Amino acid sequence: MSTEAAPLSDVERIKTESRFLRGTLVESLAERATGAIAEDDTQISKFHGIYQQDDRDLRAERRKQKLEPAFSFMIRARMPAGICTPEQWLEMDRLARTHANQTLRITTRQAFQWHGVIKKNLKPTIRAINDALLSTLAACGDVNRNVIAPPVSELAEIRGRIAADATRLADHLSPRTRAYHEIWLDGNKVETTEQESEPIYGPTYLPRKFKISFVIPPLNDGDVYAQDLGFIAIVEEGELIGYDVTIGGGMGMAHGAPETYPRLADTAGFITREQMIPVAEAVVTTQRDFGDRTERKHARLKYTIDDMGLDKFVAEVEQRSGVKFAPAHDVRFSHRGDPDGWLQDDRGAWHYTLFVENGRLADRSDRRQLSGMRAIAQVHDGEFRLTANQNVVIGDVAETAKARIEALLDEYGMTGSVSKLRRNALACVGLPTCGLAMAESERYLPGLIDRLDDLLAENGLDDDPIVIRMTGCPNGCARPYVAEIGLVGKAEGSYNLFLGGGFDGRRLNRLYAENLNDQGIVDALAPLFADYAKRRRPDEHFGDFVIRAGHVAAVSAGPEVHGSR
Amino acid sequence: MSVPLTESPLEAHEQARLSAMALTWSDQQRLWASGFLAGMAAAGQPALAPQPAAKPLATVLYGSQTGNGQAVAERLAAAAENRGLAVTVKNMADYAPAKIKQEKFLFLVVSTHGEGDPPDDAEELWSYLGSERAPKLTDLKYAVLALGDSSYANFCQTGRDFDQRLAALGASELHARVECDVDYLDAAAAWQDRMLEIGEEFLRPEPAVAPRPMLRAVPATPRYTRERPFAAELLANQTITGRDSDKDVRHLELSLAGAGIEYQPGDSLAVVPRNPKQSVEGLLQAARLDADEAIELDGETLPLAKAFTERLEITRLSPPLLKAYAELGAVKSLRALLSEPDALRGYLERHQVADLVADHPFSIGAQDLVSLLRPLGARSYSIASAPAEYPDEAHLTVSVLREEGRRLRLGAASNHLAALEAGAEVQVYLDANPRFRLPDDPATPIIMIGPGTGVAPYRAFLQQREASGAPGRNWLFFGDRHFASDFLYQIEWLRWRKQGLLNRLDVAFSRDQEQKIYVQHRLREQGAEIYRWLVEGAWLYVCGDAKAMAPDVHQALIDIAAAEGGTEHAQEFVQQLKREGRYRRDVY
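Residues numbered from 1 in each chain as written. Chains lettered and ligands numbered in written order. Predicted model: local features only at pLDDT ≥ 70, side-chain atom pairs only at ≥ 80, totals over all residues.

Trainee: What is the right way to look at the overall build of chain A in this model?
Mentor: Broken down by element type, chain A carries 17 helices and 19 strands. For a compact globule of 565 residues, the expected C-alpha radius of gyration is about 24 Å, and chain A comes in at 23 Å, within 12% of that figure. Expressed as lengths along the three principal axes of its C-alpha atoms, the size of chain A is roughly 70 × 55 × 55 Å. Relative to its 565 residues, chain A shows a buried fraction of 51%. Looking at chain A alone, contacts between residues at least 24 apart form 67% of all its contacts between residues at least 6 apart. (Helix = DSSP H or I, 4+ residues; strand = E, 2+ residues; numbered from the N terminus. Rg over C-alpha atoms; globule rule 2.2 N^0.38 Å. Buried ≥ 20, exposed ≤ 12 C-beta atoms within 10 Å, placed from the backbone. Contact = placed C-beta atoms within 7 Å.)

This is the structure in structure tokens:
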């Protein structure tokens, strides 16, 4: 319903021609002379949870060898609230070892991710994931992505209900196309696609990706203000009475393009649990109809809301859903990080949060987290829950089973002292696999944290949590614009530094310095840490301090992130 | 059928007679006759009744895999004609076998292929002569020039077979069989001189009124040879197998600037190698000889290590070498081996001179060892570029032979080349292969089968067809071990496919799954389509391994023909392809 005269973006053409996400994927998979899929199919495959990538470390070398890039695929499995069973864990682990690069990655959306899957292993991998009753459909693409919900809480009952709501919503917003079954699971071919329909999405799906998160205050582990649609649990007298709804958050932007910007969500108002599905569907369809399909950099819900005006957008949602928003609550958040180690819930069950650096479960010489989790999955009878901080919760451990889990954690060297900074760090994948990356991220951040930890220790700040996040490009997968220290890659070895984000995720940061190399980052932060140590107020977070001390001005609206004062 | 003569001054009946007569002639005879008549006209002589060539006519027949035999045969025929000797030259493949009983004088030039097999071109004639139907040939006089490679067990076997069979059928020798090794040029030239002398004796026609017909240009002896190679500058030496490959295949670019070497797609370039340092040292050590010891070679005195490096074959064994070595040292342990052909073949394939000396030691002197070894031969590689695309360059695709076994085995030329850096000189000469050329008609579809480095000439073919805008369809079958690392020239094939020049691209990677998959499996999968292309006139090329791949592909073709056209005609279908020159092989 866009009234602009501009032509639709090319991805819209591809979606239109794809016949409900079929494209030419079957032909692409059968083609043996290349490890890639057809160019248009690289857009369609995302809806199936598959990204074509190549090992960028090898690109130049292989060009000289007259070989095509070392193509492989990233597969993402969607699991609402990040929940899986021990049996499912074992299967995901097996796929990591047989078809991927011997690692399993936990994403910032509580999903599993495999890297390095070659084309001919795509089908067996996806089939195995589905046989284990998980799915990759809509893990990526212009649809609702994995729904985030709290992986651990002292309020066991309420956490369970929210997880159930998240799952219900994820199912409701799941695409209906049978292409997925046809292509990956050898389902019967639909005679004509006219028999098919996507009642919520329509044949061209959404203008852009769509993200939903549930949180239970005061923990904002699901970064609710960075999401298109957020549900903040309102608990009164031990009962989940409903949700405050937030709309229009989003991270992605482009360097030096102020018309693109991260945006924190606005709160639309309060709804009951029963109203959750109709309201969510109305937000999705309003975005479907009003979102900009001519320019992908301007297609997220945040721009639709800014273009329409919040009031008009909310009115449209109320009209479509038949739900009138009630006044919102005064919600407070204290932090975003996961609990450290064991936590006992109100029913007496134990939950262990395992810190996984950058979400990468692997076997390193001294720390064998992949094998260790396999060993735990073989004996555990509760659940596993991935966290939006890229950690994993070994959930629902009985008092009597604690010792056995602890013994395995020790045996595989899975735990160890982790600095506060490292525990509050996120990094996207970056080089060498991500096609969008301009700079290193996951491979670089751990070493940078070593240096910053030394700096913090010198200033006696090693006990203070600071939220640091790094991405290899400005698209924002690790939500860097809501970090106290945000580092966003511009080129190999070159980063823009953003400062002043809220510890609780309710304030965006602002561009502080551009094009810093490793030493430049350390040099920029060293005087700030020193000043922070000297002049901070009790319990004052670093992000708040740099603003009060005048190092950087607070951001009140997205475009200011670019540094305009 | 009549021979069309536009605006003929002849009466209709005269023209009919001329046509009828000319129809029975070979091209050679027709050419001669036209020259004869033209000569009479030029001399203003009254027309005489044309005298048919009453004198004995000789035929030069060649059967050649690489084109060497063809070159020798054509040189002989041209030289004979220029002396006024009546000869005709034919590829055995184009020769009706039954015609042999009319022959009086026959010069046979035939190479041996693989483990003693006749080359493709000679197959039909050979099976005819070997059959029950073979006629008595008591009126026939013949001479055989056998081409071969003494590093194979059955050296010059096909030449020997033809020789014996012709004798058995009652034919008599004009001259004893001459056998040539890979450095055949000198021996072949000597044989040609001898044959011309014999020809003068038997083939000299009576002095005739006929003036000498049009002279045929004698194909020039190649400008560069094993003895006088061209020093080509190496422009690039690039590994084209990926880092995880268990092979090391190089793409080499050589400058031919100033050489005046005019090659065509399908030709090979011979490289005069130097033996790798490690191989030389290995041999010196095994034989307990001193690198600096002076030895005599071809009247020259030089240090032993230099002779091993630059002059002598030390990475290839041959039966004569084993025999001579066994005799010289009275080596009993070798006798058993020499008497068992299969074991011998196996030993030759997997061992080098250093192994022989180490496995069967006796105290051999440097000079004695040198005298046993044959000259270091050149190695031919299919040229992987087309002059139309790369004027003044030749690209080679070279698999570096390096086997770590009990003793390190290194291929001489491949290791020599692999160790060179851009700017170095490589000694080369053209090894033309007229049997492996693109169809003259650019619209003819082609099917190219070339696993491993066998794919090299097809890069030249497609470059040529791209440059000339040839409209014919192109289909490539490639195979190797691993898709990720061994897909030689992958981005080029993909680019050509995207452009539409390469219409089809089928690949087989043998070790990417449990059961091995080779190009012949892909051929069978595409059988119906292959057959359709062939029926539509496609040419089919096979390049690469002669031992396993070529026979397997051949069988696959017969099976495809059987499945698509009926079992009874399958063999004939494939034979017919060969006869029509549409099934061409360059296998080694």
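Now that the structure has been shown, we can carry on.
Trainee: Just to check I follow, could you spell out the interface of chain A and chain B for this structure?
Mentor: For interface size, the figure often reported is the accessible area lost on association. With ten residues of chain A at the interface, the matching set in chain B holds 16 residues. When its residues are assigned to classes, the side of chain A that touches chain B shows three nonpolar, two polar and five charged. (Nonpolar A, V, L, I, M, F, W, Y, C, P; charged D, E, K, R; others polar.)

Trainee: Honestly, the pairing of strand 8 (residues 249-255) of chain B in this entry has me stumped. Any pointers?
Mentor: Here is the key point about a regular strand: its side chains alternate between the two faces of the sheet. All names here are of chain B. Taken across its seven residues, strand 8 has five buried, putting it largely inside the fold. Direction of pairing for strand 7 (residues 230-239) relative to strand 8: antiparallel, over a ladder of six bridges. In the strand pairing of strand 8, T239 is matched with R250. Strand direction decides the pairing type here: strand 8 and strand 13 (residues 393-399), joined by seven bridges, are antiparallel. In the strand pairing of strand 13, S255 is matched with E393. (Pairing = 2+ DSSP bridges.)

Trainee: Mind showing me how you'd approach the nonpolar core here?
Mentor: Grouped burial of nonpolar side chains is what soluble globular proteins tend to show. In this structure, A166(A) and A233(A) are the most contacted members of the largest nonpolar core, which totals 152 residues. Beyond its immediate chain neighbours, meaning those up to four positions away, A166(A) contacts P80(A), A81(A), V147(A), A149(A) and F214(A). (Core = buried A, V, L, I, M, F, W, Y, C linked by C-beta atoms within 7 Å.)

Trainee: What should I look at first to understand unusual backbone geometry in this one?
Mentor: Most peptide bonds take the trans configuration, and most residues that are not glycine carry a negative phi. The linkage connecting P217(A) with the following residue, P218(A), adopts the cis geometry, with an omega of 10°. Mapped onto the fold, P218(A) is located in the loop between strand 6 (212-215) and strand 7 (229-236). Note that the residue after L431(A), namely P432(A), is joined by a cis bond; omega there is 5°. With respect to the element layout, P432(A) can be found in the loop between strand 15 (425-427) and helix 15 (445-458). The phi torsion at D298(B) lies on the positive side, around 50°, for a residue other than glycine. Structurally, D298(B) is set in the loop between strand 10 (294-297) and strand 11 (300-303). Even without being glycine, A330(B) reaches a positive phi, approximately 45°. Of note, A330(B) is situated in the loop between helix 9 (319-329) and helix 10 (333-339).

Trainee: Explain helix 11 (residues 310-321) of chain A to me, please; I cannot follow it from the model alone.
Mentor: At 3.6 residues per turn, the α-helix brings residues three or four places apart onto the same side. All names here are of chain A. With twelve residues, helix 11 should reach 16 Å at 1.5 Å per residue; the first-to-last C-alpha distance of 16 Å fits that figure. Taken residue by residue, helix 11 has F313, V314, V317 and S321 as its buried positions. Looking straight down helix 11, one finds that the buried residues subtend no more than 95° of arc, so they occupy a single side. Structural note: helix 11 exposes D311 and Q319 on the side pointing more than 90 degrees away from its buried face. (Expected span 1.5 Å × (residues − 1). Arc of directions from axis to C-beta.)

Trainee: Quick question: what am I supposed to make of the sheet that holds strand 10 (residues 341-344) of chain A here?
Mentor: The strands that make up a sheet are held in pairs by hydrogen bonds between backbone atoms, and each pair lies either parallel or antiparallel. Residues and elements named next belong to chain A. The strand order 3-13-14-11-10 describes an open sheet built from five strands, whose pairing is antiparallel. Strands with a single pairing partner mark the edges of an open sheet, and in this sheet they are strand 3 (83-84) and strand 10. Pairing between strand 10 and strand 11 (residues 350-354): four bridges, direction antiparallel. By the bridge assignment, Q344 is partnered in strand 11 with W350.

Trainee: Just checking my understanding: could you explain the sheet that holds strand 16 (residues 468-471) of chain A for this structure?
Mentor: Residues and elements named next belong to chain A. Taken in spatial order, the five strands line up as 15-16-17-18-19 in an open sheet, and their pairing is mixed. Across the chains shown, the open sheet's two edge strands, defined by having one partner strand only, are strand 15 and strand 19 (510-516). Neighbour-to-neighbour, the strand axes of this sheet turn through a mean angle of 15°, independent of strand direction. As judged from the six bridges shared by strand 17 (residues 485-491) and strand 18 (residues 494-499), these two strands associate in the antiparallel manner. In the sheet register, G489 faces strand 18, and the bridge partner there is Y495. (Axes fitted to C-alpha atoms, helices over the stretch in contact; angles between N-to-C directions.)

Trainee: What exactly am I supposed to notice about helix 5 (residues 157-168) of chain B here?
Mentor: All names here are of chain B. If you check helix 5, its first and last C-alpha atoms are 16 Å apart, about what twelve residues at 1.5 Å a residue would give, namely 16 Å. Considered for burial, the residues of helix 5 that qualify are T158, G159, D161, F162, D163 and L166. Residues of helix 5 that are buried make contact with strand 3 (105-111), strand 4 (141-147) and strand 6 (178-180). A positive phi of about 100° marks G170, the residue just after helix 5.

Trainee: Would you mind going over the packing of helix 10 (residues 301-308) of chain A against helix 11 of chain A with me for this structure?
Mentor: Angle between the axes and distance between the axes: these two values describe a pair of packed helices. Residue and element names in this part refer to chain A. Across the interface, helix 10 lies against helix 11 with an axial gap of 6 Å and an inter-helix angle of 110°. With respect to their mutual orientation, helix 10 and helix 11 come out roughly perpendicular. Counted together, T304, I305 and M308 of helix 10 and L310, K312 and F313 of helix 11 form the full contact between these two elements. Here the contact of helix 10 with helix 11 is composed, by residue class, of four nonpolar, one polar and one charged. (Parallel < 35°, antiparallel > 145°, perpendicular 65-115°, else oblique.)

Trainee: Quick question: what am I supposed to make of the environment of W475(B) here?
Mentor: Residue and element names in this part refer to chain B. For W475, the location among the structural elements is in strand 18 (residues 474-480). Separated by 71 residues in the primary sequence, W475 and A546 have C-alpha atoms spaced 21 Å apart. In this structure, W475 is in contact with I447, M448, N503, R504 and W533, ignoring residues within four places of it in sequence.

Trainee: So what exactly am I meant to see when it comes to the confidence of the model for chain B here?
Mentor: Close inspection of predicted coordinates is inappropriate in any region flagged by low pLDDT. All names here are of chain B. Averaged over every residue, the pLDDT of chain B is 87; residues scoring 70 or more account for 88%. The low-confidence segment residues 1-6 (pLDDT under 50) makes five contacts with residues lying over four places distant or belonging to another chain. A low-confidence stretch, residues 208-214 (pLDDT under 50), is modelled with 13 contacts involving residues beyond four sequence positions or located in other chains. If you check the scores for this complex, the pTM reads 0.82 and the ipTM reads 0.88. (pLDDT = per-residue confidence, 0-100.)

Trainee: Hey, could you run me through the pairing of strand 4 of chain B in this one?
Mentor: Residues and elements named next belong to chain B. The buried count for strand 4 comes to seven of seven residues, which makes it a mostly enclosed element. Relative to strand 4, strand 3 runs parallel, the two sharing seven bridges. If you follow L108 over to strand 4, its bridge partner there is V144. The β-α-β motif built from strand 3, the intervening helix 4 (residues 123-129) and the parallel element strand 4 has right-handed crossover chirality. Read as a crossover between parallel neighbours, the route from strand 4 over helix 5 to strand 5 (residues 172-173) is right-handed. (Right-handed = clockwise from strand over helix to strand, strands pointing away.)

Trainee: Just checking my understanding: could you explain the packing of helix 5 (residues 86-98) of chain A against helix 12 (residues 369-379) of chain A for this structure?
Mentor: Residues and elements named next belong to chain A. Between helix 5 and helix 12, the least distance of the axes is 9 Å, while the angle of their chain directions is 150°. Judged on the interaxial angle alone, helix 12 and helix 5 are roughly antiparallel. For helix 5 against helix 12, the interelement crossing comes out left-handed. Each of P86, W89, L90, D93 and A96 in helix 5 lies in contact with helix 12, whose residues at this interface are L370, M373, R374 and A377. (Left-handed = near helix turned anticlockwise from the far one by under 90°.)

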